[in-house]
Amino acid sequence: HVERELGRPLEAMFSEFGETPVASASLAQVHRAVLKDGRVCAVKVQYPGVGAAVRSDLGNANWLFAALGAMFPGLEPGPVIDELKERLLEELDYEAEAASQRYFATFFDGHPYISVPKVIDELSGPRILTSELAIGHRFDEVLTWSQGEKNLAAETIFRFSFGSIYRLNAFNGDPHPGNYLFNKGGRVTFLDFGLVKRFTPAETALFE
């Protein structure tokens, strides 16, 4: 699948490619690989056919979205439904995700405690996203750390989430522990930019 999407054999692109995924989710799985220049990377591969399946499901789910109006009287469901569909379909487009990840990575480049992996453009496409491999601890392990370390990690997440709105006019709309890698001293790496909402400066001003 990777070879078909990128148009080259694996051995022409990577010196090593782990066939067994190191992570998986509903839309994709992630493989560890090593580039020809020695850099270690993460290759996010969308499952074949998942895009068509999601689009079909969304087309058949209007009745479910319409139920929002019945559940919340006074709510106009149309704009909410359009926003949900747009964001969900956006998650299938790894070129859009790569653009969002680059946007965040550029802004936070060199930051002392916020990190976003750099995209490897030449090995990415509509259904493949290759990034520098990030190293860190998962959320379950952070729960065993001291309260002081937990506080630092929480502060970093807060600063990233809300700082991005006011400074980048953007919000990463998939904030859950599986998309964070933690290191001591409040250093957090943020992963997965498939669900990003961009705002105009005027829209951002409404949050103030």
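Quick note: structure is the one above.
Residues numbered from 1 in each chain as written. Predicted model: local features only at pLDDT ≥ 70, side-chain atom pairs only at ≥ 80, totals over all residues. Heavy atoms only, no water.

Caption draft 1: Structural view of a nonpolar patch on the surface. A cluster of nonpolar side chains, F158, F162, Y166 and F207, forms an exposed patch at the surface whose accessible area comes to about 430 Å². Mapped onto the elements, F158 comes out in helix 8 (residues 147-168). A relative accessible area of 53% means that F158 is categorised as exposed. (Patch = residues over 30% accessible without salt bridge, like charges linked within 9 Å, V, L, I, M, F, W, Y side chains within 5 Å. Areas by Shrake-Rupley, 256 points an atom, 1.4 Å probe, with all protein chains shown as cover. Salt bridge = Lys/Arg side-chain N within 4 Å of Asp/Glu carboxyl O. Helix = DSSP H or I, 4+ residues; strand = E, 2+ residues; numbered from the N terminus. Buried < 20%, exposed > 50% of the residue type's maximum accessible area, 1.4 Å probe, protein only.)

Caption draft 2: Examining the sheet that holds strand 8 (residues 180-183) more closely. The mixed open sheet is built from 3 strands, whose spatial order is 5-9-8. In this open sheet, the two strands that pair with only one neighbour each are strand 5 (114-115) and strand 8. In the sheet, strand 8 pairs with strand 9 (residues 187-190) via 4 bridges, with the strands oriented antiparallel. From the neighbouring strand, Y180 faces strand 9, where its bridge partner is F190. Strands in contact with helix 8 are strand 5, strand 8 and strand 9; relative to strand 9, the strand with the most contacts, it is inclined by about 45°. (Pairing = 2+ DSSP bridges. Contact = heavy atoms within 4.5 Å. Axes fitted to C-alpha atoms, helices over the stretch in contact; angles between N-to-C directions.)

Caption draft 3: Region of interest: the nonpolar core. In this structure, F104, F160, F182, F190 and F193 are the most contacted members of the largest nonpolar core, which totals 18 residues. Of all the elements in the fold, those that place two or more residues in this core are helix 6 (94-108), helix 8, strand 8 and strand 9. Top contributing element to this core by residue count: helix 8, with 4 residues. Discounting chain neighbours no more than four positions away, the residues touching F182 are G136, H137, R138, F139, V142, W145, A153, I157, R187 and V188. (Core = buried A, V, L, I, M, F, W, Y, C linked by side-chain atoms within 4.5 Å.)

Caption draft 4: Structural view of empty space enclosed by the protein. In the structure shown here, the tally under the stated rule is 1 cavity of 30 Å³ or more. Listed by contribution, the elements that provide at least two residues to the lining of the largest cavity are helix 8 and strand 7 (170-172). Residue classes in the lining of the largest cavity are distributed as 5 nonpolar, 2 polar and 1 charged. (1 Å grid on protein atoms, 1.4 Å probe; cavity = no way out; pocket = protein on both sides within 12 Å on 5 of 7 lines; lining within 4 Å. Points joined across faces, edges and corners; volume = space filled by probe spheres on them. Nonpolar A, V, L, I, M, F, W, Y, C, P; charged D, E, K, R; others polar.)

Caption draft 5: Quick peek at unusual backbone geometry. Unusually for a residue other than glycine, N169 sits at a positive phi of about 55°. If you trace the backbone, N169 turns up in the loop between helix 8 and strand 7. One non-glycine residue, D192, lies in positive phi territory at about 65°. If you trace the backbone, D192 turns up in the loop between strand 9 and strand 10 (196-198).

Caption draft 6: The packing of aromatic side chains, seen in detail. Tallying each qualifying case throughout the model produces 12 aromatic pairs. Centroid distance F104 to F160: 5.7 Å. Interplanar angle 40°. Geometry classified as tilted. Remark: F160 occurs in helix 8 and F104 occurs in helix 6; sequence separation between them is 56 residues. One exposure class covers both F104 and F160, and it is buried. (Phe/Tyr/Trp six-rings, centres within 6.5 Å; stacked < 30°, edge-to-face > 60°.)

Caption draft 7: Inspection of the environment of I135 at higher detail. Relative to the helices and strands, I135 resides in the loop between strand 6 (128-132) and helix 7 (139-142). I135 sits in the exposed class, given a relative accessible area of 64%. Taking the C-alpha atoms as reference, I135 lies 9.9 Å from V188; in sequence the two are 53 residues apart. Leave out the neighbours within four places in its chain, and I135 touches L181 and N183.

Caption draft 8: Broad picture of the layout of surface pockets. Within this model, the largest pocket holds a volume of roughly 740 Å³. Surrounding the largest pocket, 32 residues form its lining, A23, V30, K44, R138 and L191 being those nearest its centre. Counting residues per element, the lining of the largest pocket draws most heavily on strand 3 (residues 28-35), at 4 residues. For the lining of the largest pocket, the residue count by class is 15 nonpolar, 10 polar and 7 charged.

Caption draft 9: Quick peek at helix 8. In a regular helix each residue adds 1.5 Å, so 22 residues correspond to 32 Å; helix 8 covers 30 Å between its end C-alpha atoms and thus fits that length. Remark: the principal bend of helix 8, roughly 30°, maps to F162. Within helix 8, the full set of buried residues consists of E149, A153, T156, I157, F160, S161, G163, S164, I165 and L168. Two residues or fewer after helix 8 comes N169, characterised by a positive phi angle close to 55°. (Expected span 1.5 Å × (residues − 1). Bend = angle between axes of the 7 residues up to and from the residue.)

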